[in-house]
Amino acid sequence: MLLRLEAEDPRPLHEQVAAALRRAIADGGAPERLPTARDLAAAFEVDPNTVLRALRGLRDEGLLEFRRGRGIRVVPGAGRRSEFVDRVRELVRDAEKAGHTRADLIAMIEEM
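Along each chain, residue indices are assigned from 1 in the same order as the chain's sequence is written. Residue-level local features of this predicted model are given only where pLDDT is at least 70; pairs of side-chain atoms are given and counted only at 80 or more, and the full residue set underlies all totals for whole chains, interfaces and linings. Note: side-chain values were computed over all heavy atoms of the structure, leaving out hydrogens and water.

Student: So what about the packing of helix H2 (residues 37–44) against helix H3 (residues 48–60)? Which residues, and what values?
Tutor: Contact geometry for H2 and H3: axes closest at 8 Å, N-to-C directions at 110°. With respect to their mutual orientation, H2 and H3 come out roughly perpendicular. In the crossing of H2 with H3, the sense of the turn from one axis to the other is right-handed. Contact with H2, carried on its side by Ala-37, Leu-40 and Ala-41, involves Pro-48, Val-51, Leu-52 and Leu-55 of H3 and no other residues of that element. Residues belonging to the contact of H2 with H3 are distributed by class as follows: 7 nonpolar, no polar and no charged. Where helices are involved, their axes are fitted lines through C-alpha atoms of the stretch in contact, as for all axes, and angles between N-to-C directions lie from 0 to 180°. Helix and strand labels come from DSSP, where a helix needs a run of H or I of at least four residues and a strand needs a run of E of at least two; each type is numbered from the N terminus. Roughly parallel refers to an angle under 35 degrees, roughly antiparallel to one over 145, roughly perpendicular to one between 65 and 115, and oblique to any angle outside these ranges. Here a crossing is called left-handed whenever its near helix is offset anticlockwise from the far helix by less than a right angle, and right-handed whenever the offset is clockwise. Residue contacts follow a heavy-atom distance rule, with two residues in contact if any of their heavy atoms lie within 4.5 Å. Under the grouping applied here, Gly and all other residues not named as nonpolar or charged are polar, the nonpolar ones being Ala, Val, Leu, Ile, Met, Phe, Trp, Tyr, Cys and Pro and the charged ones Asp, Glu, Lys and Arg.

Structure (structure tokens):
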């Protein structure tokens, strides 16, 4: 699993870490059981708390599950969901750049 962050990326580090993990999950490059937060932090060269924040976000998106004593696992079928979440995030960013709010975007989708 290739893990790296882009120095030019203006997003907060936890969002960059989450995006890199999301891509790895979508590409099928993430193992079923992820390394520990400490190991991921070392790979990304960031603080472990930054990785934990990213992992919690991915858990809340339904991509990961935390199991006490068993570590962090990728949810079956998470690859497709991860890819979809990335595309939705891109759509929201593009809409915001064009001057639309999230409410505008939701209204457009509901009109379909």
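Okay, back to it.
Student: Quick one: what's the story with H2, residue by residue and with numbers?
Tutor: Three labels apply to residues, based on accessible area from a 1.4 Å probe with only protein chains included: buried if under 20% of the type maximum, exposed if over 50%, partly exposed otherwise in between. For H2, every residue scored as buried is listed here: Ala-37, Leu-40, Ala-41 and Phe-44. Taken around the axis of H2, the buried residues stretch over an arc of 105°, which confines them to a single face. Of the exposed residues in H2, those oriented more than 90 degrees away from the buried face are Arg-38 and Ala-42. Of the surrounding elements, those touching the buried residues of H2 are helix H1 (13–26) and H3. It is the directions from the helix axis to the C-beta atoms that the arc portrays.

Student: Would you mind going over the environment of Ala-30 in detail, with residue names and values included?
Tutor: Here Ala-30 is to be found in the loop between H1 and H2. Along the primary structure Ala-30 and Val-74 are separated by 44 residues, whereas in three dimensions their C-alpha atoms are 7.9 Å apart.

Student: Could you give an account of the packing of aromatic side chains, with specific residues and numbers?
Tutor: Any pair of Phe, Tyr and Trp rings, taking the six-membered ring for Trp, is counted once the centres come within 6.5 Å. Such a pair is stacked with planes under 30 degrees apart, edge-to-face with planes over 60 apart, and tilted for the rest. Using the criterion set out here, one finds 0 aromatic pairs in the structure. In this analysis the charged atom, NZ for Lys or CZ for Arg, is taken to sit over a ring once it is within 6 Å of the ring centre and within 35 degrees of the ring normal. The ring of Phe-66 has Arg-59 sitting right over it, with the charged end atom 4.9 Å from the ring centre.

Student: I'd love a proper account of the layout of surface pockets, names of residues and values included.
Tutor: Roughly 530 Å³ of internal volume is contained in the largest pocket. Residues are said to line a cavity or pocket when one of their atoms sits within 4 Å of a point; the points come from a 1 Å grid over protein atoms alone, cavities being sets where a 1.4 Å probe fits but cannot get out and pockets being open sets with protein on both sides within 12 Å along at least five of seven lines. Val-88, Arg-89, Val-92, Arg-93 and Arg-102 are, among the 22 residues lining the largest pocket, the residues nearest its centre. Listed by contribution, the elements that provide at least two residues to the lining of the largest pocket are H1, H3, helix H4 (78–97) and helix H5 (102–111). With 8 residues, the single largest contributor to the lining of the largest pocket is H4. The residue inventory of the lining of the largest pocket, partitioned by class, reads 10 nonpolar, 2 polar and 10 charged. Grid points are joined across faces, edges and corners, and a volume is the space filled by probe spheres set on the points.

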